[in-house]
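Fold and geometry: a report
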Amino acid sequence: MTEFKDVIQKADWKKEKHVPVIDCPDEVPAGQNFDVQVCVGKEVAHPNTTEHHIRWISLYFKPEGAKFPFQVGRFDFTAHGESAEGPNQGPVYTHPCAVTSLKIDKPGVLLAASYCNIHGLWESSRGIKIK
Ligand code: FE
């Protein structure tokens, strides 16, 4: 049986352009909003052309000791600067990056999953502590 873990890819985001990168504080005060940014192609830009692009990023929080993750963000990238002149002839391209705001009262792990329409599923995670 093929499982999601067999098809979802992981890599060093500094070398691999498909990895979703989670940027947030390492430690936050309990119950206070903080920003989380998730981007694909932070170090090595993803081409993000009209035919080849990141379709979505999903963000989850799994509190320490919890069985299930909580979905805390879903970002669908449904526009890529398509032009009447033809594929990739427009004056604008998009960069798959989103910012949201969260508050937590337990430490845990943020997990991001992303999907490239050609190169499939990718994941990353980042721990977050309470001050
Ligand atoms: Fe790709």
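Up top you'll find the structure we're talking about.
Residues numbered from 1 in each chain as written. Predicted model: local features only at pLDDT ≥ 70, side-chain atom pairs only at ≥ 80, totals over all residues. Heavy atoms only, no water.

1. Examining the sheet that holds strand β4 (residues 54–63)
Taken in spatial order, the five strands of this open sheet run β2-β8-β7-β4-β5, and their pairing is mixed. Two strands bound the open sheet, and with one partner strand each, they are β2 (27–28) and β5 (70–76). In this sheet, β5 lies alongside β4 in antiparallel orientation, the contact comprising six bridges. Looking across to β5, one finds that Trp 56 is bridged to Asp 76. (Pairing = 2+ DSSP bridges. Helix = DSSP H or I, 4+ residues; strand = E, 2+ residues; numbered from the N terminus.)

2. Observations regarding the state of the cysteines
Summed over the entire model, instances satisfying the criterion amount to one disulfide. One disulfide in the model links Cys 39 with Cys 97; its S-S distance is 1.8 Å. Linking Cys 39 in strand β3 (residues 34–40) with Cys 97 in strand β6 (residues 97–102), this pair joins segments that are 58 residues apart in sequence. There is no disulfide at Cys 24, and the cysteine sulfur nearest it, in Cys 39, is 12 Å away. (Disulfide = S-S within 2.5 Å.)

3. Observations concerning the coordination of the iron ion
Surrounding the iron ion are the protein donor atoms His 18 (NE2), His 46 (NE2), His 52 (NE2), Cys 116 (SG) and His 119 (ND1), which sit 2.1 to 2.3 Å from the metal. Site description for the iron ion: donor spacing in sequence, H-x27-H-x5-H-x63-C-x2-H. Of the two residues, His 18 is situated in the loop between α1 (4–7) and β1 (20–23) and Cys 116 in strand β7 (residues 108–116); the sequence distance between them amounts to 98 residues. The exposure classification of His 18 matches that of Cys 116, with both residues buried. (Donors = N, O, S within 2.8 Å, 3.2 Å for Na, K, Ca; no water. Buried < 20%, exposed > 50% of the residue type's maximum accessible area, 1.4 Å probe, protein only.)

4. Describing the pattern of salt bridges
The final tally for this structure, using the stated rule, is seven salt bridges. Note that Lys 42 is salt-bridged to Asp 23, the shortest N-O span being 2.9 Å. On the criterion of sequence distance, the pair formed by Lys 42 in the loop between β3 and β4 and Asp 23 in strand β1 is long-range, its members being 19 residues apart. Judged by relative accessible area, which is 40%, Lys 42 ranks as partly exposed. Residue Asp 23 is classed as partly exposed on the basis of its relative accessible area, which comes to 24%. (Salt bridge = Lys/Arg side-chain N within 4 Å of Asp/Glu carboxyl O.)

5. What to know about the packing of aromatic side chains
What the rule picks out here adds up to one aromatic pair. Residues Trp 56 and Tyr 115 carry aromatic rings whose centres are separated by 6.0 Å and whose planes lie at 20 degrees to one another, so their mutual orientation is stacked. Here the residue Trp 56 occupies a position in strand β4, and Tyr 115 occupies one in strand β7, the gap between them amounting to 59 residues. Take Tyr 115: its relative accessible area is 28%, and that puts it in the partly exposed class. (Phe/Tyr/Trp six-rings, centres within 6.5 Å; stacked < 30°, edge-to-face > 60°.)

6. Things to note about unusual backbone geometry
Phi at Asn 48 is positive, roughly 50 degrees, even though this residue is not glycine. Position of Asn 48 among the secondary structure elements: in the loop between β3 and β4. Taking relative accessible area as the criterion, Asn 48 reaches 2% and is therefore assigned buried. Phi at Asn 88 is positive, roughly 60 degrees, even though this residue is not glycine. Of note, Asn 88 is situated in the loop between β5 and β6.

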